[in-house]
Amino acid sequence: MADPSSYRPKPGQIPDSPGVYKFRDEHRRVIYVGKAKNLRQRLANYFQDLAGLHPRTRTMVTTAASVEWTVVSTEVEALQLEYSWIKEFDPRFNVKYRDDKSYPYLAVTLNEEFPRVQVMRGAKKKGVRYFGPYGHAWAIRETVDLMLRVFPVRTCSAGVFKNAERTGRPCLLGYIGKCSAPCVGRVTPEEHRDLAEDFCDFMAGRTGTYIRRLEKDMMQAAEEMEYERAARLRDDAEALKRAMEKSAVVLADATDADLIAVAEDELEAAVQIFHVRGGRVRGQRGWVTDKVEAVDTAGLVEHALQQLYGEETGDSVPKEVLVPALPEDPDAVSQWLADRRGSQVSLRIPQRGDKKDLMGTVQRNAQQALGLHKTKRASDLTTRSRALEEIAEALGLDTAPLRVECFDISHLQGDDVVASMVVFEDGLARKSEYRRFQIKGFEGQDDVRSMHEVIGRRFKRYLQEKERTGEWEDTPAPTGPVPAPGGPVPTPGGPVPAPGGTGETDGADEAGGTVETPRTVETPRTVETPGTGEPGPGVAPAAQEPVTVREEPREDDGRPKRFAYPPQLVVVDGGQPQVAAAKRALDELGIDDIAVCGLAKRLEEVWVPDDDDPVVLPRSSEGLYLLQRIRDEAHRFAITYQRAKRAKRIRSSPLDDVPGLGETRKQALIKHFGSVKKLRQATIDEICEVPGIGRRTAESVAAAFATAAPAAPAVNTATGEIIEEDDGGSRT
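What comes next is a walk through the structure. Note that this is a predicted model, so its numbers are computed, not measured.

Details of the overall build of the chain
- On a plain count of helices and strands, the chain comes out with 19 helices and 21 strands.
- Counting across all 732 residues of the chain, residues that qualify as buried make up 48%.

Section: helix α10 (residues 297–309)
- For α10, built from 13 residues, the straight-helix expectation of 18 Å at 1.5 Å per residue is met to within 8% by its first-to-last C-alpha distance of 18 Å.
- Within α10, eleven of the 13 residues are buried, which leaves it mostly tucked inside the rest of the structure.
- Ala298, Gly299, Leu300, Val301, Glu302, His303, Ala304, Leu305, Gln306, Leu308 and Tyr309 are the residues of α10 that are buried.

Quick word on the packing of aromatic side chains
- Per the stated rule, a full pass over the model turns up 14 aromatic pairs.
- Judged by centre distance (5.9 Å) and plane angle (85°), the ring pair of tyrosine 105 and tyrosine 130 falls under edge-to-face. Of this pair, tyrosine 105 sits in strand β5 (residues 105–108) while tyrosine 130 is found in strand β7 (residues 129–131), placing the two residues 25 residues apart along the sequence. Each member of the pair, tyrosine 105 as well as tyrosine 130, carries the same accessibility label: buried.
- Ring centres of phenylalanine 151 and phenylalanine 199 lie 6.3 Å apart, and the angle between their planes is 85°; on these two criteria the pair is classed as edge-to-face. Of this pair, phenylalanine 151 sits in the loop between α4 (137–147) and α5 (158–167) while phenylalanine 199 sits in helix α7 (residues 189–203), and the two are 48 residues apart along the sequence. The burial state of phenylalanine 151 is the same as that of phenylalanine 199; both residues are buried.
- Feature note: the residues Tyr7, Tyr21, Phe23, Tyr32, Tyr46 and Phe47 constitute an aromatic cluster, connected by ring pairs.
- The ring of tryptophan 85 has lysine 22 sitting right over it, with the charged end atom 3.7 Å from the ring centre.

Regarding the pairing of strand β17 (residues 569–573)
- Of all five residues in β17, five are buried, a share of seventy percent or more.
- By the alternation rule, side chains of β17 split into Leu569, Val571 and Asp573 and Val570 and Val572, which are all buried.
- Relative to strand β18 (residues 595–600), β17 runs parallel, the two sharing five bridges. Residue pairing for β18: valine 572 is matched across the bridge by glycine 598.

A short note on the environment of leucine 233
- In this fold, leucine 233 is placed in helix α9 (residues 227–245).
- Taking the C-alpha atoms as reference, leucine 233 lies 5.5 Å from methionine 218; in sequence the two are 15 residues apart.
- Ignoring any residue separated from it by four or fewer positions in sequence, one finds leucine 233 in contact with Leu214, Asp217 and Met218.

Things to note about the sheet that holds strand β6 (residues 117–120)
- The strand order across the open sheet formed by three strands is β6-β5-β7, and the pairing between neighbours is antiparallel. Each edge of the sheet is formed by a strand with only one pairing partner; in this case those strands are β6 and β7. Taking the axes of each pair of neighbouring strands and ignoring which way they run, one obtains an average angle of 30° across the sheet.
- One ladder, built from three bridges, connects β5 with β7; its direction is antiparallel. Bridge assignment links alanine 107 to a residue of β7, and that residue is tyrosine 130.

Topic: the nonpolar core
- Formed by 28 residues in total, the largest nonpolar core has its most connected members in Phe407, Val454, Ile455, Phe459, Val570 and Ile591.
- Counting residues per element, the ones that place at least two in this core are β13 (403–412), β14 (415–425), α13 (447–468), β17, α14 (576–588) and β18.
- Non-local contacts of isoleucine 591, meaning those with residues more than four positions away in its chain, are made with Phe459, Tyr462, Leu463 and Leu586.
- If you look at the next biggest cluster of nonpolar residues, it comprises 27 residues, including Val108, Met147, Met218 and Ala221.

Overview of the sheet that holds strand β3 (residues 64–71)
- Reading across from one edge, β2-β1-β3 is the order of the three strands in this open sheet, with antiparallel pairing throughout. Strands with a single pairing partner mark the edges of an open sheet, and in this sheet they are β2 (30–36) and β3. Geometrically, the sheet is characterised by an average inter-axis angle of 20° between neighbouring strands, direction not taken into account.
- Packing of helix α1 (residues 39–46) onto the sheet brings it into contact with β1 (19–25), β2 and β3, and relative to β1 it is tilted by some 30°.
- Sheet contacts for helix α3 (residues 75–89): β1, β2 and β3; angle to β2, the most-contacted strand, approximately 170°.

So, unusual backbone geometry
- One non-glycine residue, arginine 28, lies in the positive phi region at around 70°.
- On the secondary structure map, arginine 28 appears in the loop between β1 and β2.
- Phi at aspartate 610 takes a positive value of approximately 60°, unusual for a residue other than glycine.
- Among the secondary structure elements, aspartate 610 is positioned in the loop between β19 (605–607) and α15 (622–650).
- Note on aspartate 610: relative accessible area 80%, which makes it exposed.

A few points about the pattern of salt bridges
- The tally for this structure, following the rule as stated, stands at 24 salt bridges.
- In this structure, aspartate 426 engages arginine 384 in a salt bridge whose closest nitrogen and oxygen atoms are separated by 3.8 Å. Here aspartate 426, found in the loop between β14 and β15 (428–429), pairs with arginine 384, found in helix α12 (residues 353–395); they are 42 residues apart in sequence, far enough to count as distant.
- Accessibility expressed as a relative area gives 11% for arginine 384, which makes it buried.
- A salt bridge links aspartate 632 to arginine 631, with the nearest nitrogen and oxygen atoms 2.8 Å apart.
- A residue is classified by how much of its surface remains accessible, and arginine 631, at 3% relative accessible area, is buried.
- Among the charged side chains, a network of salt bridges with common partners joins Arg403, Glu405, Glu425, Arg430, Glu433 and Arg458.

Quick look at the side chain of threonine 57
- Mapped onto the secondary structure, threonine 57 falls in helix α2 (residues 55–63).
- Look at threonine 57 and you get buried, because its relative accessible area is 14%.
- With sequence-adjacent residues up to four places away left out, threonine 57 is seen in contact with Tyr46 and Ala294.

Thoughts on a nonpolar patch on the surface
- On the surface, Leu172, Tyr175 and Ile176 cluster together into a nonpolar patch covering about 370 Å² of accessible area.
- Positionally, leucine 172 belongs in helix α6 (residues 172–175).

Quick word on empty space enclosed by the protein
- Evaluated as defined, the whole model comprises four cavities of 30 Å³ or more.
- The computed volume of the largest cavity comes to approximately 130 Å³.
- Lining of the largest cavity is provided by Lys35, Ala36, Lys37, Arg42, Glu75, Ala78, Leu79, Glu302, Glu328, Asp329, Ala332 and Val333.
- Of all the secondary structure elements, the ones that give two or more residues to the lining of the largest cavity are β2, α3 and α11 (330–341).
- At three residues, the largest contribution of residues to the lining of the largest cavity is made by α3.
- Residue composition of the lining of the largest cavity, by class: five nonpolar, no polar and seven charged.

Cut-offs and rules
Residues numbered from 1 in each chain as written. Predicted model: local features only at pLDDT ≥ 70, side-chain atom pairs only at ≥ 80, totals over all residues. Heavy atoms only, no water. Helix = DSSP H or I, 4+ residues; strand = E, 2+ residues; numbered from the N terminus. Buried < 20%, exposed > 50% of the residue type's maximum accessible area, 1.4 Å probe, protein only. Expected span 1.5 Å × (residues − 1). Phe/Tyr/Trp six-rings, centres within 6.5 Å; stacked < 30°, edge-to-face > 60°. Lys NZ or Arg CZ within 6 Å of the ring centre and 35° of its normal. Pairing = 2+ DSSP bridges. Contact = heavy atoms within 4.5 Å. Axes fitted to C-alpha atoms, helices over the stretch in contact; angles between N-to-C directions. Core = buried A, V, L, I, M, F, W, Y, C linked by side-chain atoms within 4.5 Å. Salt bridge = Lys/Arg side-chain N within 4 Å of Asp/Glu carboxyl O. Patch = residues over 30% accessible without salt bridge, like charges linked within 9 Å, V, L, I, M, F, W, Y side chains within 5 Å. Areas by Shrake-Rupley, 256 points an atom, 1.4 Å probe, with all protein chains shown as cover. 1 Å grid on protein atoms, 1.4 Å probe; cavity = no way out; pocket = protein on both sides within 12 Å on 5 of 7 lines; lining within 4 Å. Points joined across faces, edges and corners; volume = space filled by probe spheres on them. Nonpolar A, V, L, I, M, F, W, Y, C, P; charged D, E, K, R; others polar.

Written out as structure tokens, the structure is:
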């Protein structure tokens, strides 16, 4: 535990300007980010008598080993920089709201030639119009089904659309009048886009115009004695009214506003948001957070605003935001919201009328969400604690294994051999720390050797981190080779980054830096204002980590490190041979303080090193259930990666080896000839007829097919049929 006086800045070093400050721990990790109108006054509050500090603040300042700051010109800049740093560094002592689920949105893909209406989750995409979020996906589908009578916009996937375009026959919705069938040319692209924009206008709250227009057309059709058409228009108007009834009117005058309410206790807080558009509740969402810092309701509101609107622009930020308490600097927050919207935003507390009544409803939802969360968490926490205690008792550990890492090997008959590493902390999956590996040290199928390689590579990186941060002095000398900090890892292959957006990524970039002695205390440095050309302290540009070779260490930037945290328990998917291989890899590195066990699938037996008999846990054991969940998650992560690699290899084509032939010209060749098979049979002159393909490229294409061995026919193992190539050159 550090003494805050050991890193307290000297009098006069801290400016009295607005700015953002960072506390770092002894390993240079950023543990807290804050902002202030006056940096000198704010930071002085952290260095008073510890007995006078809030318990959470006291824990933070005694965990920290240094403090840094960046001066900005305005409080709005401080708010934006604070949000960016919290998102970048993920400090452990900052309040972070976590969604209890991924909320679905009704999305209209206006960035496509023929816009599509669909349900979307996850990160928002440019050029897509979003409505929501909704509590359930079925609510979106019910609304869309009603509205397609009036706005028959395309809802099919790209594959279905292309197939209909190729065959000249629309899908079922085109036959029953719920799609305008642009795939077969019933409407022009311009007419279909007009339908999509009308759909968006209706969803945005401009409903009266369309209903009045339908009713007027209905009356006119009745006067002209076109009763069937009048009945159809009547039904269309009723469908729109039913769609409107699904979101009741709560505010008059077509108000656009977001209402935010907070329910809290000493340990946790729940936030509920109602999105009101056109006077109707169009969406609802909620967050729950642990109060890891000393924060009041105003602070929780400010954090919620940052998370809610930090990535939004334009109309996604409403004209009015109603909150239960104003942030510490409401003018700066209002200006920040206005900058994101592009026009004035009103941030205030509702005092009377319908808005205050609706705020009471949102508040009750927040209180119910907090109560439900605490009930579920209490049960989950008790179960997880019991499971970890049972594992510790069964394996003879001194303490419960709060961090468990599990490894699994996956391949298909010795091809595309990969491995996965999943991390569970306190019994919960920590997906941001998942890792995956390619096995390149040898060819063929050998699970035991693969496990030895993966464990060795993972913990060599751990020892490398310890040496780099100065913790090496207390570590026993390893019996095997350990790479120098910043040097290349002497094992073939390296961790391969996972695709982004799923939570199963390779983590943040690992910062380099010079080796420091333990508990180095940093003196605050002079910090320049953003925009002067000088970076703030410790802020290093993000860089992608090489797959197999570690570059020279970079300046420590405080981001979470890869492989920097050791587990208390390593679990391998397998029996005695895999456990022995994992233990041997740790022994070669001189690591003797990490327990190892294996879980065999056949009888769910737990194997430990140097023991001929397995540990048998009761079938009703919570500890066995947790080990099974961890093992199954490692298996899922490994097989997902292995299938992706296999699919990529199967989809490879001789065209991939033609120099200078990009994706656009590949597609042009396939489209012109219809399939790879026909392209393989084409002459050089025939290939030259494709637009954009010159004679030299045509000769390269022909040469690539001439040197490539013809692919063996694929066979459907269920039916025995030979699978032909499709138009894209891949097997179908």
